[in-house]
Structures are given as C-alpha cells and as structure tokens.
Amino acid sequence: MQAFLTPDGLARPNWQQAFPSATFIGAIATGRTYDSVWVLLPEAGDIVQLLAEYRTAAGSAPLIALSDTPSDEQGMAALGAGAVGYCNGHAAPEVLQQVASTVSNGGIWLGQSLLQRLIKGMAQLAAGKFAPPPPADWGKHLTGREIAVAQAAAAGAHNKEIAEQLAITERTVKAHLGAAFEKLGVRDRLQLTLLVNGVLKR
C-alpha cells in the first residue's frame, strides 16, 4: 500500500488518481507496513531532520520526497537524508506511477536536472580517485561505438551532446546505450557512471 504523509493527512487528486487504494496520513502508524511512504516536504524547516525521522519510522518501506517547489539543492538534501525518490508534488498520476515502479524495483527516481548533476559529480569524483579501467575490463563485451557512447554518458553528456560528439543520431545513441545497459547489467546512467569509473565492480 502506498502511504502519503502530509501535515494535514489530506489527499490530492493526482495522488488519488495514481493510487486509488493509497492511504493518506498525518503520521506513520507504528507496526504498519507500507509499500512506499511519500512525504510532502514543508516549505521551510529542517527537511534533513524530518526525513531522517520518517526514514526510521517507515522501517523497510522506501521513502519518496514530494516537493511543491522542487530544486536540485533540496533534492540532494532529501537523498542525503535517506529518500530514494524526489519529485514534484503536483506530478501527473502517470509520473507518480513510474516513480513507484522504479523505486519498488530498487531504483532511484530523480528529475533530469538533478540526475545530470549527480552523474557529473560522480564522474569528477571518480576521476580524481580512480584511474579509468581499460575498456577491455568493463567494456570487453561492447562494440567500440557502445564503449564511446557509454564513456560520454558516464561523463555526464546528454544524448544530444553525445550524438553531436560522435556524429550520429540521438536514436542511435539511445540504441547504443540500451545495448550497453543490457550487456553491462546496469539499470540506469548512475550505475553506468559508477561502473565506467571503477566505483562499481562487476
């Protein structure tokens, strides 16, 4: 069961449309099991402390932060406090369902801007601490073009930028990335970045 935690315990139409059987609460019930706990962040206050408390109360349920005024900085703080998802509180029902599906499968949901920022940050951090492994290691089952696309993506480049760098179409970039994900056994760009930069081992 999806649980939406708000100060007043009231539901929003988009939440109800996404999850008709969800429960809407003002506090996490002790001993209750939830599939995911969605927390509407306050406009002001210490969200790190707030989410840390909810993280403990939610037990094993994934914590997803909702914000009416989303920002990369707030998203970073939410992730640091234990949330595995961060999205707009007014997101369409279909988006909320995608968030729930991603999180339930062990993934992390972030907005595109925050995702790119994290990828670039991880790439820079890894570059400073690890010598890049030779393609024969992580890329031994990839084609030369798949390796080039994977390296560019791991450096934080968007599909359009990769297409321009390699003089190929964005559709071809997506195809190479999809093939690389499958061959490398990674779910998303974040895992790809960690693998390419030697942080994640296979």
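Here the structure is shown first, and the text comes after it.
The paragraphs below set out a description of the structure included in this document. (Residues numbered from 1 in each chain as written. Predicted model: local features only at pLDDT ≥ 70, side-chain atom pairs only at ≥ 80, totals over all residues. Heavy atoms only, no water.)

Here the focus is helix 4 (residues 93-104). Across its 12 residues, helix 4 extends 16 Å between first and last C-alpha, which sits within 8% of the 16 Å expected from 1.5 Å per residue. When helix 4 is considered as a whole, its buried residues turn out to be Pro93, Leu96, Val99, Ala100 and Val103. Summarising the axial view, the buried residues of helix 4 lie within an arc of 115°, below the 170-degree limit, and thus occupy one face. As for helix 4, its buried residues are in contact with strand 1 (2-5), helix 1 (13-18), strand 3 (36-40), strand 4 (63-67) and strand 5 (85-88). Residue Gly106 follows helix 4 closely and has a positive phi angle near 90°. (Helix = DSSP H or I, 4+ residues; strand = E, 2+ residues; numbered from the N terminus. Expected span 1.5 Å × (residues − 1). Buried < 20%, exposed > 50% of the residue type's maximum accessible area, 1.4 Å probe, protein only. Arc of directions from axis to C-beta. Contact = heavy atoms within 4.5 Å.)

Once that is clear, we can look at the pattern of salt bridges. What the rule picks out here adds up to 2 salt bridges. When the shortest N-O distance is used, the salt bridge between Asp68 and Arg12 registers 2.7 Å. With Asp68 in the loop between strand 4 and helix 3 (72-80) and Arg12 in the loop between strand 1 and helix 1, this residue pair connects regions lying 56 residues apart in the sequence. For Asp68, a relative accessible area of 26% translates into the label partly exposed. Judged by its relative accessible area of 17%, Arg12 is buried. Note that Glu146 and Lys183 form a salt bridge whose closest N and O atoms lie 2.9 Å from each other. Of this pair, Glu146 sits in helix 7 (residues 144-154) while Lys183 sits in helix 9 (residues 170-184), and the two are 37 residues apart along the sequence. (Salt bridge = Lys/Arg side-chain N within 4 Å of Asp/Glu carboxyl O.)

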